[in-house]
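Structure at a glance
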Amino acid sequence: MTGFNLARAAAAALIGVALAGLPARADIKNYEFQLVQPTVQAGADRTVTVRLVDKTTGKSVPDGVIFATRLDMAPDGMQEMVTKVTAVPATEPGTYRFKATFSMAGRWQLSLGAKVQGETGSVDNKLVITADK
Ligand SMILES: [Cu+2]
């Protein structure tokens, strides 16, 4: 092998490593929100806690920035039944808490949009919370 070919082979190998490394690298699709508790008691000022998880490691992600929240009764055909969601301080790193009034028993959909530090794109999840009577 000439020096030139060696350099090319080395470069090709490096590119191969870089490409192969891509899926293992963090990808915004590797993150998801999970409900800590799938049910709440119907009523005023209930707290909902979600965890942002890196599915490749199973670890919680503490530096998510939630920019969108919506809570409505879409799962029970009442998408127009929307309730206000207020972020409240979390008690544990990697968890995010919200306060909301679940005025009616049934299934509520929590839609979340978030950015993760160093990742392109956003995490968009819809979680179903059941409000019990
Ligand atoms: Cu309703």
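Treat the numbers as computed from the prediction; the structure is a model and nothing was measured.

1. Details of the environment of V61
- Among the structural elements, V61 can be located in the loop between β4 (59-60) and β5 (64-73).
- Residues contacting V61, with those up to four places away along its chain left out, are Y31, L52, V53, D54, G94, Y96 and V116.

2. Side note on the pattern of salt bridges
- Here the structure, examined in full by the defined rule, presents four salt bridges.
- Residue K55 pairs with E32 through a salt bridge whose shortest N-O separation is 3.9 Å. On the criterion of sequence distance, the pair formed by K55 in the loop between β3 (43-54) and β4 and E32 in strand β1 (residues 31-35) is long-range, its members being 23 residues apart.
- Its relative accessible area of 46% is what places K55 among the partly exposed residues.
- Take E32: its relative accessible area is 25%, and that puts it in the partly exposed class.
- With a shortest N-O distance of 2.5 Å, R70 and D72 are connected by a salt bridge.
- A relative accessible area of 3% places D72 in the buried class.

3. Points about the packing of aromatic side chains
- Counted by the stated rule, this structure contains two aromatic pairs.
- An angle of 85° between the planes, with centres 6.2 Å apart, marks the rings of F33 and Y96 as edge-to-face. One end of the pair, F33, is in strand β1; the other, Y96, is in strand β8 (residues 95-102), with 63 residues separating them in the sequence. The pair formed by F33 and Y96 is uniform in burial state, with each residue classed as buried.
- Between F102 and W108, the aromatic rings sit 5.4 Å apart at their centres with planes inclined by 80°, giving edge-to-face as the arrangement. This pair shows no difference in class: F102 is buried, exactly as W108 is.

4. Regarding the coordination of the copper ion
- Donor atoms from the polypeptide that coordinate the copper ion comprise M73 (SD), M78 (SD), M81 (SD) and M104 (SD), at 2.2 to 2.5 Å from the metal.
- Considering all four donor atoms around the copper ion, angles at the metal cover 102 to 127° and the coordination shape is tetrahedral.
- Within one chain, the residues donating to the copper ion are spaced in sequence as M-x4-M-x2-M-x22-M.

Definitions and limits used
- The numbering scheme is per chain: residues are counted from 1 as the chain's sequence reads.
- Totals for whole chains, interfaces and linings use all residues, but because this is a predicted model, local features are given only for residues with pLDDT of at least 70 and pairs of side-chain atoms are given and counted only at 80 or more.
- Calculation of side-chain values draws on the structure's entire complement of heavy atoms; hydrogens and water are dropped beforehand.
- Only DSSP runs of H or I with at least four residues qualify as helices, and only runs of E with at least two residues qualify as strands; both kinds are numbered from the N terminus onward.
- Two residues form a contact once any of their heavy atoms are found within 4.5 Å.
- A carboxyl oxygen of Asp or Glu within 4 Å of a side-chain nitrogen of Lys or Arg is what we treat as a salt bridge.
- For each residue, the accessible area found with a 1.4 Å probe, counting protein chains only, is set against the maximum for its type, and the residue is called buried under 20%, exposed over 50%, and partly exposed in between.
- Note on ring pairs: Phe, Tyr and Trp rings are taken, using the six-membered ring of Trp, and paired if centres are within 6.5 Å. Classes follow the plane angle, with under 30 degrees stacked, over 60 edge-to-face and the rest tilted.
- Water is not part of the atom set, so a site may look incomplete; the donors themselves are N, O and S atoms within 2.8 Å of the metal, or 3.2 Å for Na, K and Ca.
- Donor angles set the geometry label: tetrahedral for four donors if every angle is between 85 and 135 degrees, square planar for four and octahedral for six if opposite donors exceed 155 degrees and the others are between 65 and 115, irregular for anything else.

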